[in-house]
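Residue strings, one per chain:
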Amino acid sequence: PMYKNYEQDVLVKDNETTHIQLQMHPNFAQVTLQAADETEIWVEGEHRGNGVLTLKLEPGQYKVETKRASHQSNSQLLQINNLTAMNVVLEEPAPLYGSLEVNTSPMMAKVYLDGKEVGETPFFMNNVLIGAHELRVEKDGYASQQQSITIDHGAVSSQTLTLSSQTLTLSSQTLTLSSQ
């Protein structure tokens, strides 16, 4: 594989050693495929690596795909006509988005998406990457709530949460407060 076939006529004589000098010639191009670090590169349906990848490919046509979570995969045909080294910048997968709407009772609770504060309720956000996310809402004096949500392509994920107030229960023991 990866080398041109070699043929040679050889004359073999009785009681003599015949020495043959073979030299196989490569039949591949050194191809460097470039994409972002987190982008998977697939060649002919096989995952070959992420980011920048250098392969030896024989002349021919190859289906090259770029894939990434929460993105629409992208495919292109790569034609290798000669054995010259090539550098190919691949098209990145297109992000797929949905929307998120969060309402709470009481309102004005902080909204966190995947650990990052994104706003207060009532809350609406476009262009949220599809897939699984962690949603958390917090408000002083109330117990926070956290849940896993899924954002679907082109859809609005609507979440309504009721926060429970945190009450402090004191026993019948004497509580003494002093100012300093």
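Structural notes, computed from the coordinates. What you are looking at is a predicted structure, and each value in this text was computed from that prediction instead of being measured.

A few points about the environment of N103
So, point 1. Take N103: it is sitting in strand β10 (residues 97-105).
So, point 2. In this structure N103 comes out as partly exposed when scored by relative accessible area, which is 27%.
So, point 3. Sequence spacing of N103 and S158 is 55 residues, and the spatial spacing of their C-alpha atoms is 8.1 Å.
So, point 4. Dropping the residues within four chain positions of it, N103 is found in contact with T121, P122, Q159, T160 and L161.

Observations regarding the nonpolar core
So, point 1. Grouped together as the largest cluster of nonpolar side chains are 15 residues, with contacts concentrated most on V31, L33, I41 and L78.
So, point 2. Of all elements in the fold, only β1 (29-34), β2 (40-43), β4 (52-57), β5 (60-67) and β7 (74-80) reach the threshold of two or more residues within this core.
So, point 3. Aside from chain neighbours lying at most four places away, what touches L78 is V31, L33, L57, G60, Q61, Y62, V64, M86 and V88.
So, point 4. Judged by nonpolar contacts, the second largest core, of 13 residues, contains V102, L135, V137 and I151.

Topic: the sheet that holds strand β14 (residues 131-138)
So, point 1. In space, the four strands of this open sheet follow the order β12-β11-β14-β15, with antiparallel pairing throughout. Of all the strands in the sheet, the pair left with one neighbour each is β12 (116-120) and β15 (145-151). Neighbour to neighbour, the strand axes of the sheet diverge by 30° on average, direction disregarded.
So, point 2. Direction of pairing for strand β11 (residues 110-113) relative to β14: antiparallel, over a ladder of four bridges. Bridging from a neighbouring strand, L113 pairs with L135 of β14.

Re the pattern of salt bridges
So, point 1. Evaluation of the coordinates by the stated rule reveals three salt bridges.
So, point 2. A salt bridge links R68 to E38, with the nearest nitrogen and oxygen atoms 3.5 Å apart. In this pair, R68 sits in the loop between β5 and β6 (71-72) while E38 sits in the loop between β1 and β2, placing the two residues 30 residues apart along the sequence.
So, point 3. Residue classification places E38 among the partly exposed positions, given a relative accessible area of 48%.
So, point 4. Of the charged contacts, one joins R68 and E92 as a salt bridge, the two residues approaching to 2.6 Å between their closest N and O atoms. Of this pair, R68 sits in the loop between β5 and β6 while E92 sits in the loop between β8 (86-89) and β9 (94-95), placing them 24 residues apart in sequence.
So, point 5. For R68, a relative accessible area of 22% corresponds to the partly exposed category.
So, point 6. The exposure class assigned to E92 is partly exposed, which follows from its relative accessible area of 31%.

Some remarks on the side chain of T66
So, point 1. Relative to the helices and strands, T66 resides in strand β5.
So, point 2. From its side chain, T66 meets the backbone oxygen of E91 in a polar contact 2.8 Å long.
So, point 3. If we ignore the near neighbours within four places in the chain, the residues touching T66 are T39, E40, S73, N74, L90, E91, E92 and P93.

Here's the deal with the packing of aromatic side chains
So, point 1. By the definition in use, this model includes one aromatic pair.
So, point 2. Ring geometry for Y3 and F28: centres 6.1 Å apart, planes at 80°, overall edge-to-face. Separated by 25 residues along the polypeptide, Y3 in the segment before β1 and F28 in the segment before β1 bring together distant segments of the chain.
So, point 3. Judged by its relative accessible area of 15%, F28 is buried.
So, point 4. Here K67 stacks its cationic end above the ring of W42, 3.9 Å away from the centre of that ring.
So, point 5. Residue placement shows R136 over the ring face of Y112; its charged tip is 4.1 Å from the ring centre.

Quick notes on the rules
Residues numbered from 1 in each chain as written. Predicted model: local features only at pLDDT ≥ 70, side-chain atom pairs only at ≥ 80, totals over all residues. Heavy atoms only, no water. Helix = DSSP H or I, 4+ residues; strand = E, 2+ residues; numbered from the N terminus. Buried < 20%, exposed > 50% of the residue type's maximum accessible area, 1.4 Å probe, protein only. Contact = heavy atoms within 4.5 Å. Core = buried A, V, L, I, M, F, W, Y, C linked by side-chain atoms within 4.5 Å. Pairing = 2+ DSSP bridges. Axes fitted to C-alpha atoms, helices over the stretch in contact; angles between N-to-C directions. Salt bridge = Lys/Arg side-chain N within 4 Å of Asp/Glu carboxyl O. Polar contact = N/O pair within 3.5 Å; in protein donor to acceptor, adjacent residues only side chain to side chain. Phe/Tyr/Trp six-rings, centres within 6.5 Å; stacked < 30°, edge-to-face > 60°. Lys NZ or Arg CZ within 6 Å of the ring centre and 35° of its normal.

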